Structures are given as C-alpha cells and as structure tokens.
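Coordinate analysis (summary)
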Amino acid sequence: KTKIQEKFKAMFGDGASLFASPGRVNLIGEHTDYNLGFVLPGAIDKAIYVALKPNDGTVCRVYSLDYDETVELDLHGEKPSQQWACYVYGVCQEMEKRGALILPFDMAFGGDVPLGAGLSSSAALESAVGFALNETYGLGFDREQLAKIGQMTEHNYVGVRCGIMDQFAIAMGKKDNAIFLDTATLEYEYAPIHLENAKIVIACSNKKRGLGDSKYNERRSECETALAELQQVVKIKTLGDLDEETFEKFKAIIKSDVRRKRAKHAVYENQRTVRAVEALKNNDVKLFGELMNASHVSLRD
C-alpha cells in the first residue's frame, strides 16, 4: 500500500486517493459459474491497491508496479498492446458504454495478490479500478454493476469468456463469510465460516495459471455443446438445472466421451456445492472436507 502511494507521488505528484480490492478463493463449485450453477467463493486477506487522481491532460497515464511499466491510454483510441493495461482500458470502456463520463487520470497500482496463482488478481484489479473510478467521478454504480463491468472487461478486452464468480466475490466479500451464489440469478446468501480446530490453507502449487492461456474457453465451449445436446431430450436452460439422477438418465444423448465428462463434472459439482453450504451451516467440517476432496478428484479426472 505504502509502496503504491510513494510510487504515485514520485511519478505524478501529490493528491492521489487510494482504493483496494481483495483477491478471492473459491472453496467449492469449480466450472459451475459459466454453467449457471452454484459457487462458494470468499474474499481473502491479499489485495490490489490503486492510487488515482484526475489530470489536466488528454490521456491517462497508468503505472503497473508488478511490471514496472507506464502506459499512456487514450480512452477514445485503440486498445493497448500490453495485456495488463487492457484491464484498466476495458473497465473504462465498459463504464462509458453504461453512460459514464471518465476524464483523463493518473493511476498507479500493485498489490500482494500473487499473479497467476488462481486467486483472481485480474478480477481484483478490475474491481479496484472500478471502485476508484466510481468514487472519483461519482458515477453511481452499485457493487453488482461493478462486478458485471469487470466480467464484461474480461469478455470484450481480454478475451476470456469468464463467469461472474470472481468479480462478484470480490465486490461483495464479507469478513468471516463465504458467498453462496446462484450464478443464474445472482441471488446470494452469506455462509458464515467458523472453523473450530480446522483451518483453510491456500497453497501455491507453483503452476502458473492464467485464464487467457488455459483451456478455459475450450471447457466452456464443451459444456455449451453438451447442454445443447441434452436440451434435445430434457427441458433445461443450463447444466445447473440438472440433478445427478436426471443427468444419468439422459447422458447418453451427449455424443462425445469428453463432453459427457465435462457435463457430469458440472452437474455433480453443483450438487456438492449445495451440500457443502449445509455442512458449513451445521459446522460439519468432516463432511465439508469430504466434499472438497470429491471436488478435487472430479476436477482431476
């Protein structure tokens, strides 16, 4: 935090306001959000910090501490070539599409959400930029709208057709709670986490993870095709509408083994997420752990 403030002052002078957004972890409900099922994420104690101040120029000057690089953005010009700058540019564009007027600004950002660790550093950046612009220019977006702005930034400027989970979890995070979110309706409830004699540990596998270069879009496409096949025989809008029994009854309509596996994961994982929330409410850490393990096995296989 202090480093960002100092860096901003050295590059752009005094008077910046500071904003922060946390990273997030998803406890259970993987590959269910773009299938419009349930997820159970929560905000974590690592954050991205954004220092921002309007300037008198015609372009935005944006500095990334992680990349130690400054980019000049013309909000009415071409998308920048640097991937990291596309997040800032995209949030501005999505806000302007919704009627906002954003004047040129200076910005510096960085934080302690590790990049590529699966903790949503990109969604945290979108959220922090969104909060900063919203407050600075009095734009009046609520948190849910800011989450959607972040999601559409990924779709339209980064090339990842992500679900809403990451941005929603970050915008709506609450201390000592996970968020039980129905990604089809955006109805949610906070699920208190009071673990006695147990801890949630986020471990780094050192396997870099970026949605843009992962198989993410491919997985999504496989699930969409499987859904279209199932819709020929059963009246559903999403894979999240199915329970295990109905899936088993109709799964033969899915022509490819790979797509059948993808769809099975989405359906079974969705039901596991519902049961996991009940386990947390009942303080049944053993059952919660068993569901987590079953989730990992399904993701692996």
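Definitions and limits used
- Residues numbered from 1 in each chain as written.
- Predicted model: local features only at pLDDT ≥ 70, side-chain atom pairs only at ≥ 80, totals over all residues.
- Heavy atoms only, no water.
- Salt bridge = Lys/Arg side-chain N within 4 Å of Asp/Glu carboxyl O.
- Buried < 20%, exposed > 50% of the residue type's maximum accessible area, 1.4 Å probe, protein only.
- Phe/Tyr/Trp six-rings, centres within 6.5 Å; stacked < 30°, edge-to-face > 60°.
- Helix = DSSP H or I, 4+ residues; strand = E, 2+ residues; numbered from the N terminus.
- Lys NZ or Arg CZ within 6 Å of the ring centre and 35° of its normal.
- Core = buried A, V, L, I, M, F, W, Y, C linked by side-chain atoms within 4.5 Å.
- Contact = heavy atoms within 4.5 Å.
- Polar contact = N/O pair within 3.5 Å; in protein donor to acceptor, adjacent residues only side chain to side chain.
- Pairing = 2+ DSSP bridges.
- Expected span 1.5 Å × (residues − 1).

1. Notes on the pattern of salt bridges
Per the counting criterion, the structure on display carries 21 salt bridges. Across the pair Glu248 and Lys251 runs a salt bridge, and its minimum N-O distance is 2.6 Å. Owing to a relative accessible area of 28%, Lys251 belongs among the partly exposed residues under this scheme. Among the charged side chains, a network of salt bridges with common partners joins Lys215, Glu218, Arg219, Glu222 and Arg262.

2. Points about the packing of aromatic side chains
Following the criterion strictly, the structure yields eight aromatic pairs and no others. Between Phe168 and Tyr188, the aromatic rings sit 5.4 Å apart at their centres with planes inclined by 70°, giving edge-to-face as the arrangement. A residue pair is termed long-range when its members are at least 10 positions apart, and Phe168 in helix 5 (residues 165–172) and Tyr188 in strand 7 (residues 187–192) qualify at 20 residues. Judged by its relative accessible area of 34%, Tyr188 falls in the partly exposed class. Relative to Tyr190, the ring of Tyr188 lies with its centre 5.6 Å away and its plane at 85°, an arrangement referred to as edge-to-face. Tyr190 gets classed as partly exposed once you look at its relative accessible area, which sits at 27%. Members of the aromatic cluster, joined through ring pairs, are Tyr67, Trp84 and Phe109. Over the ring of Tyr190 we find Lys174, and its NZ or CZ is 4.6 Å from the ring centre. For the cation-ring pair, Lys264 lies above Tyr268, with the distance from its terminal atom to the ring centre recorded as 5.1 Å.

3. Structural notes on the nonpolar core
Residues Leu40, Val62, Met95, Ile102, Phe105, Met107 and Leu133 are the most contacted members of the largest nonpolar core, which totals 72 residues. For Val62, the contacting residues outside a window of four places in its chain are Glu69, Thr70, Val71, Leu73, Trp84, Val88, Phe105, Met107 and Phe109. The next biggest cluster of nonpolar side chains, apart from the first, holds ten residues, and it includes Phe168, Ala171, Ile179 and Leu186.

4. Some words on the side chain of Arg24
Structurally, Arg24 can be placed in strand 1 (residues 17–28). Polar contacts involving the side chain of Arg24 include one to the side chain of Asp166, which spans 2.8 Å. If we ignore the near neighbours within four places in the chain, the residues touching Arg24 are Pro41, Gly42, Ala43, Ile44, Gly118, Leu119, Ser120, Met165, Asp166, Ala169 and Ile170.

5. Description of the pairing of strand 2 (residues 38–54)
Both strand 1 and strand 2 contribute to a ladder of ten bridges, which runs antiparallel. Within the sheet, the bridge partner assigned to Ser17 lies in strand 2 and is Leu52. As paired strands, strand 2 and strand 6 (residues 177–182) are joined by two bridges and run antiparallel to one another. Note on strand 6: the bridge partner recorded for Phe38 is Asp182.

6. Concerning the pairing of strand 4 (residues 69–73)
As judged from the five bridges shared by strand 3 (residues 60–64) and strand 4, these two strands associate in the antiparallel manner. When the bridges of strand 4 are listed, Tyr63 appears paired with Thr70. Counting the residues in the hairpin turn of strand 3 and strand 4 gives four residues, including Asp68, whose phi is positive at 45°.

7. Things to note about helix 2 (residues 83–97)
In this model helix 2 runs 21 Å from its N-terminal to its C-terminal C-alpha over 15 residues, within 8% of the 21 Å that 1.5 Å per residue would give. In terms of burial, helix 2 is a largely internal element, 13 of the 15 residues being buried. Looking one or two residues beyond helix 2, the residue adopting positive phi is Gly99, at roughly 95°.

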